[in-house]
Amino acid sequence: MRIAFLGLGHMGLPMAHNLIAAGHEVTGFDVMPQARDAAAADGIPIAATGADAAASAEVVITMFPAGAHVLSAYREGLLAAAPTGTLFIESSTIAVADAQEAHALAIAAGHRQVDAPVSGGVVGAENATLAFMVGGSDDDFAAAQPVLERMGRRIVHCGGPGLGQAAKVCNNMILGVSQIVVGEAFVLAERLGLSHEALYEVASNASGQCWALSTNCPVPGPVPTSPANRDYQPGFAGALMAKDLGLALEAIEQTGTDARLGRLAQEIYAAYAAGDGATRDFSGIIADIRDGAV
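Residues numbered from 1 in each chain as written. Predicted model: local features only at pLDDT ≥ 70, side-chain atom pairs only at ≥ 80, totals over all residues. Heavy atoms only, no water.

Caption draft 1: Quick look at the side chain of Gln113. Structurally, Gln113 is set in strand β5 (residues 112-115). According to the relative accessible area criterion, Gln113 is buried, its value standing at 0%. Of the polar contacts made by the side chain of Gln113, one reaches the side chain of Tyr74; its length is 3.4 Å. One polar contact links Gln113 to His103, side chain to side chain, over a distance of 3.1 Å. Sequence-distant contacts of Gln113, that is, excluding residues within four places in its chain, are made with Tyr74, Leu87, Phe88, Glu90, Ala102, His103, Ala106, Ile107 and Asp140. (Helix = DSSP H or I, 4+ residues; strand = E, 2+ residues; numbered from the N terminus. Buried < 20%, exposed > 50% of the residue type's maximum accessible area, 1.4 Å probe, protein only. Polar contact = N/O pair within 3.5 Å; in protein donor to acceptor, adjacent residues only side chain to side chain. Contact = heavy atoms within 4.5 Å.)

Set out below in structure tokens:
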């Protein structure tokens, strides 16, 4: 298929590369010159503008930093440039309300559209093992699925427009809270004289087992592939977790949900991202826990 891929950052670039490897004809664009240069060096043809990339596309995939960027791109030429009936796959992580507005704009312009945020980080993007949480009609999900399967391992239809983003915000609230408590547990273990290896051996094989422990272990050693063994190079940066928990907080307030741990996790990661945690993996929050800075 002819695919326009807009947003060629740490996640978007390997995703676009996997589509090319699967035989799709991909044209890319990014507003950042360095991202365009990196994509061109990786063999991805680059258009002069996003609208130019979309002009002959059957599918347009967007991977942008925030909902405002998505809505602006949709309104300011992207939808108008694409051929009628183009399938738009919106893979940014944005607010549910923004996802629903983007869907309405695309439908009004004569296109098809799904929201399909991802989980799995840069490693998942590179290895085509991402999970996609998809919101949209049954027909549009069916159209998007073969494309998403070239970039991910698990594709879940979560319901109507915006519900892919709803699943993402709930999932990342779980992740943010669990990463904090795993860090707290390791700090407590240190102060009690329990080794990292002993706590990991117990918890990873008992009721404390979770992704934040078994994959993203916040201390060096027990999980050699975790960011802790790379001086907390992301991975998934603290700034991104703070952003996602901000979206969770927005949803909590809109729905009147009593989510005290979600609110506290948002406060903790906002403080972490205000410092050097912005560019460190979110599991590096353990350093703030040790220092009593959370």
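Caption draft 2: Expanded view of the packing of helix α8 (residues 163-192) against helix α11 (residues 238-255). Running from amino to carboxyl end, α8 crosses α11 at an angle of 120 degrees, the nearest separation of the two axes being 9 Å. Seen from above, α8 lies across α11 with left-handed handedness. Packed against α8, whose contacting residues are Lys168, Val169, Asn172, Met173, Leu175 and Gly176, the element α11 presents Met241, Asp244, Leu245, Leu247, Ala248 and Ile252 at the interface. Grouping the constituent residues of the contact of α8 with α11 by class yields eight nonpolar, two polar and two charged. (Axes fitted to C-alpha atoms, helices over the stretch in contact; angles between N-to-C directions. Left-handed = near helix turned anticlockwise from the far one by under 90°. Nonpolar A, V, L, I, M, F, W, Y, C, P; charged D, E, K, R; others polar.)

Caption draft 3: View of the side chain of Gln266. By secondary structure assignment, the location of Gln266 is in helix α12 (residues 260-273). Leave out the neighbours within four places in its chain, and Gln266 touches Leu245, Gly246 and Leu249.

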